[in-house]
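This is what each chain is made of:
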Amino acid sequence: MARAQRRRSETGIYHSMVRGIDKRPIFDCDEDRRFFLKRLGKYREECRMDIYAYCLMHNHVHLLVKESDIPLGRFMAKLETSYALYYNKKYGRVGHLFQNRFKSEPVEDDGYLLTVFRYIHQNPYRSGLNPFSWTSYHEYESSEPGIVDTGYMFALFSHREYLLRYLQHKGLEEVEELDTEKKIPDSEVLQKINHVTGIQNCSHIKGLPLDTRARILKDLRQSGLLIRQIEQATGISRCSIDRACKRKASM
């Protein structure tokens, strides 16, 4: 029977997972995990992929990855084959190490991206292991370059600390309320936007020229509104708001 075709992601971002055959271990020690991460970094560069998150469990691996012009399947095949050869040689075994094909799930919007991002990092905690052990959380904590493209996810948050707290808490709104500088009630958001911009219908902001929109979004952020509040009022995505605020105006 022909295998079902994978669902394509319009954004190119996928939540991918590989599992040991019959749910058997694929890592027996930290040396194995370090080798896997080294190969992950190697093929990330070779296939020009962007890695946003990873988690190495005892018998499976989660990845949040954006493919390039090279298909995700080719990247995963290189990674799985290389690691399986290493593992089988080291432990004197033969046969398949991973169960069937890798699984992949398309990530089409910022909301689901954040959900998957947190889910991957909290996998060890939900399994009773040390929180964030062998995950990319430590790369987001550090300023040192690593395997993951931290800049893409940091663009969804106004501060590094908010991203780290998001991974530690239940949800995004809980983290946003930790912003002690924000004291504008949601009920006053529309009034605030009108006062800052002079625009009555907030949805009109979305259709403005990029430079004009960027300037308005910067003004709204500086006025004390959260990205979440601007997103809900204007319909502009969280990622687009942050990028617009960082965008340099055209000369």
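Residues numbered from 1 in each chain as written. Predicted model: local features only at pLDDT ≥ 70, side-chain atom pairs only at ≥ 80, totals over all residues. Heavy atoms only, no water.

Chemist: In this structure, what is going on with the nonpolar core? I would like to understand it.
Modeler: Nonpolar side chains in soluble globular proteins tend to end up buried together. Membership of the largest hydrophobic core comes to 56 residues, with the highest contact counts inside it found for Leu 64, Phe 75 and Met 153. Broken down by element, the residue count for this core peaks at eight residues, all from helix 2 (residues 72–91). Ignoring sequence-local partners within four residues, the contact set of Leu 64 consists of Ile 13, Tyr 14, His 15, Asp 50, Ile 51, Tyr 52, Ala 53, Val 107, Leu 113, Val 116, Phe 117 and Ile 120. If you look at the next biggest cluster of nonpolar residues, it comprises 17 residues, including Val 189, Ile 227, Ile 230 and Ile 236. (Core = buried A, V, L, I, M, F, W, Y, C linked by side-chain atoms within 4.5 Å. Buried < 20%, exposed > 50% of the residue type's maximum accessible area, 1.4 Å probe, protein only. Helix = DSSP H or I, 4+ residues; strand = E, 2+ residues; numbered from the N terminus. Contact = heavy atoms within 4.5 Å.)

Chemist: Whenever I open this one, the side chain of Glu 67 confuses me. Can you help?
Modeler: Structurally, Glu 67 is set in the loop between strand 3 (60–66) and helix 2. Of note is the side chain of Glu 67, whose polar atom sits 2.6 Å from the side chain of Arg 8. Those residues in contact with Glu 67, other than ones at most four positions away along the chain, are Arg 8, Gly 12, Tyr 14, Met 49 and Leu 72. (Polar contact = N/O pair within 3.5 Å; in protein donor to acceptor, adjacent residues only side chain to side chain.)

Chemist: Sorry, what's going on with the packing of helix 3 (residues 110–121) against helix 7 (residues 160–168) here?
Modeler: The angle between the axes and the distance between the axes are what describe a pair of packed helices. For the pair helix 3 and helix 7, interaxial distance at closest approach is 9 Å and the crossing angle is 65°. Regarding the angle of helix 3 to helix 7, the classification is roughly perpendicular. Handedness of the crossing formed by helix 3 with helix 7: right-handed. Judged by residue contacts, Leu 114, Thr 115, Phe 117, Arg 118 and His 121 of helix 3 engage Leu 163, Tyr 166 and Leu 167 from helix 7. Considered class by class, the residues forming the contact of helix 3 with helix 7 number five nonpolar, two polar and one charged. (Axes fitted to C-alpha atoms, helices over the stretch in contact; angles between N-to-C directions. Parallel < 35°, antiparallel > 145°, perpendicular 65-115°, else oblique. Left-handed = near helix turned anticlockwise from the far one by under 90°. Nonpolar A, V, L, I, M, F, W, Y, C, P; charged D, E, K, R; others polar.)

Chemist: I would appreciate a short explanation of the sheet that holds strand 2 (residues 50–56) in the present structure.
Modeler: Paired through backbone hydrogen bonds, the strands of a sheet run either parallel or antiparallel to each other. Taken in spatial order, the four strands line up as 2-3-1-4 in an open sheet, and their pairing is antiparallel. Edge positions in the sheet fall to strand 2 and strand 4 (103–106), since each has one partner strand and no second. Taking the axes of each pair of neighbouring strands and ignoring which way they run, one obtains an average angle of 15° across the sheet. Relative to strand 4, strand 1 (residues 13–19) runs antiparallel, the two being bridged by four bridges. Along strand 4, the bridge assignment pairs His 15 with Glu 105. (Pairing = 2+ DSSP bridges.)

Chemist: Would you mind showing me how to read the environment of Ile 21 here?
Modeler: Here Ile 21 lies in the loop between strand 1 and helix 1 (30–46). Here Ile 21 falls in the partly exposed class, since its relative accessible area comes to 24%. Residues Ile 21 and His 60, spaced 39 residues apart in sequence, show a C-alpha to C-alpha distance of 9.6 Å. With sequence-adjacent residues up to four places away left out, Ile 21 is seen in contact with His 96, Leu 97, Phe 98 and Gln 99.

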